[in-house]
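Observations on chain architecture
Single-letter residue listing:
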Amino acid sequence: MDSDKHVPVLAGRVTALLAPALAAEGAVLVDATLGRAGHAVALLEACPGLLLIGVDADVAAIEEAGQRLAPYAARVTLVHARYDEIPDILAAATRNGTIGPDRVMGLLFDLGVSSPQLDEPGRGFAYAQDAPLDMRMDQTSGRTAADIVNGYPAADLARVLRDYGEERFARRIADAVIRERARTPITSTQRLSAIVKDAIPAATRRTGGNPAKRTFQALRIEVNDELGTLRRALPAALDELAVGGRVVVLAYHSLEDRIVKTELVRRAADHAPPGLPITADAATPQFRLLTRGAERPDSTEAASNPRATSARLRAAERVRQEAA
Ligand SMILES: C[S@@+](CC[C@H](N)C(=O)[O-])C[C@H]1O[C@@H](n2cnc3c(N)ncnc32)[C@H](O)[C@@H]1O
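Keep in mind that what you see is a predicted model, and the values were worked out from it rather than measured. (Residues numbered from 1 in each chain as written. Predicted model: local features only at pLDDT ≥ 70, side-chain atom pairs only at ≥ 80, totals over all residues.)

Structural notes on the environment of A27
For clarity, the threshold we go by: For helices the rule is a DSSP run of H or I covering at least 4 residues; for strands it is a run of E covering at least 2, with both sets numbered from the N terminus onward. Each residue is classed by its C-beta neighbour count within 10 Å, where at least 20 other C-beta atoms makes it buried, 12 or fewer makes it exposed, and intermediate counts make it partly exposed; the C-beta atoms are placed from backbone geometry.
Note on placement: A27 falls in the loop between α1 (11–18) and β1 (28–31). Note on A27: 23 C-beta atoms within 10 Å, which makes it buried. With 22 residues separating them along the chain, A27 and G49 place their C-alpha atoms 6.7 Å apart.

Focus: the site of the ligand
We apply this condition: Working rule for contacts: place C-beta from the backbone, and if it is within 6 Å of a molecule or strand, that residue counts as near it. Polarity classes work like this: nonpolar for Ala, Val, Leu, Ile, Met, Phe, Trp, Tyr, Cys and Pro, charged for Asp, Glu, Lys and Arg, and polar for all others, with Gly in that last group.
Lining the immediate environment of the ligand, one finds 21 residues, of which T33, G35, G38, D58 and D110 sit closest. At the level of elements, α2 (38–46) and β2 (51–56) are the ones that each hand at least two residues to the shell around the ligand. Residues that form the shell around the ligand fall into these classes: seven nonpolar, nine polar and five charged.

A word on the pairing of β1
In plain terms, the rule: What makes two strands pair is DSSP finding at least two bridges between them. With its strands directed away from the observer, a crossover is right-handed exactly when the path from the first strand over the helix to the second travels clockwise.
Across the two faces of β1 the burial is the same, with V28 and V30 and L29 and D31 all buried. In this sheet, β2 lies alongside β1 in parallel orientation, the contact comprising four bridges. Bridged to V28 within β2 is L51. Viewed along the sheet, the connection from β1 through α2 into β2 turns out right-handed. The pairing of β1 with strand β4 (residues 104–110) spans four bridges and is parallel. When the bridges of β4 are listed, L29 appears paired with G106.

With respect to the packing of helix α8 (residues 170–183) against helix α9 (residues 189–199)
A packed helix pair is summarised by two numbers, namely the angle formed by the two axes and the spacing between the axes. Basically, it comes down to this: Fitted lines through C-alpha atoms serve as axes, helices being fitted only where they are in contact, and the angles separating the N-to-C directions of these axes extend from 0 to 180 degrees. For classification purposes, angles smaller than 35 degrees are called roughly parallel, those larger than 145 roughly antiparallel, those between 65 and 115 roughly perpendicular, and all remaining angles oblique. Left-handed describes a crossing whose near helix is turned anticlockwise from the far helix through less than a right angle; right-handed describes the clockwise counterpart. Residue pairs are scored as contacts if the distance between their C-beta atoms, which are placed from the backbone, is within 7 Å.
Here α8 crosses α9 at 130 degrees, and the two axes come no closer than 9 Å. By the angle between their axes, α8 is oblique relative to α9. You can see that α8 and α9 cross each other, and the crossing is right-handed. Counted together, R172, I173, A176, V177 and E180 of α8 and I195, V196, D198 and A199 of α9 form the full contact between these two elements. The residue inventory of the contact of α8 with α9, partitioned by class, reads six nonpolar, no polar and three charged.

Side note on the pairing of strand β7 (residues 312–318)
Most of β7 sits out of view: six of its seven residues are buried. Examined bridge by bridge, strand β5 (residues 246–251) and β7 share six bridges and lie antiparallel to one another. Bridge pairing links V249 to R314 in β7. In the sheet, strand β6 (residues 287–289) pairs with β7 via three bridges, with the strands oriented antiparallel. Considered in β7, the bridge of F287 is made with R318.

Notes on the domain arrangement of the chain
How big an interface is tends to be stated in terms of accessible area lost as the parts join. This is how it is decided: Domain delimitation in this document rests on an assignment produced automatically or drawn from a domain database.
What the domain assignment lists for the chain is domain 1 (3–116 + 226–318) and domain 2 (139–223). Placing the centre of domain 1 and that of domain 2 at their C-alpha centroids yields a distance of 32 Å. If you look at the interface, domain 1 gives five residues, while domain 2 gives five residues. Looking at the side of domain 1 that touches domain 2, its residues break down into four nonpolar, no polar and one charged.

Take a look at the structure:
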């Protein structure tokens, strides 16, 4: 896809929330989900002293982002990795002098799949185009959607579809997959779409868009262990933020947003026993929330950028070094 057409979600709000923490010379921002660097470019432009560490699990994203970020090369380090490796990446960058100690002042997680990944038929994310059933963010390692579809027992497949796709007909679809794969392995997006469509009741087929949408979302989450990775990565990354540093997370479905909310609210909670006249230092919160609940894009942005429709933004600032 032409990266110029790529519109980062809630870019103005993301920049407004992060920029105050990134004003100092040498302040470090970790963009955990660099993608095609839309947010990264906005932040490099807004904060001239900022050093960016851009992380992405997708080799193609890192290559494209590298081209897009060439004008800022002196301030940018790109790393092909999963975002649960952020502590190791920062330790290495501190050791080799790329960044100073305690300089991580910004963290950005723009979760999920990118528009270029959805638009590239060969990646197998989209049910609308025929492609091999892959769906890996990192095509250099790990199991594919085909491995799961052809290898999981029916009960496990149904659980994935129900839990990650909120699919009402999870068991019916899982049973249909088991029957079909016994004939020949299911290796293409179109064949899987057709199996899902045939498995659900005819009356349901006529409503609510493509019936394969929920199955594809569920498989993508399972293939990339998206929720498990976020559960590990977010606390580890928050621990790296210096006092005054800020985190912004954009989530695109309720399961990942719940993980983000739980972690940020927990860290921003006051643990002082009620009734104490002076808050004991050890009980004061480590973070303060910068957003009330989750912020959503306004109707203008949602109308012009379909990917933004489901976005939920949460942000917080580190106010204290130690955990409460
Ligand atoms: C929504 S896109 C980010 C778009 C980016 N903010 C921009 O403005 O171009 C999400 C990116 O996160 C990457 N990603 C997903 N899971 C990841 C993980 N566990 N570790 C690192 N990157 C991941 C995807 O490969 C994708 O490029």
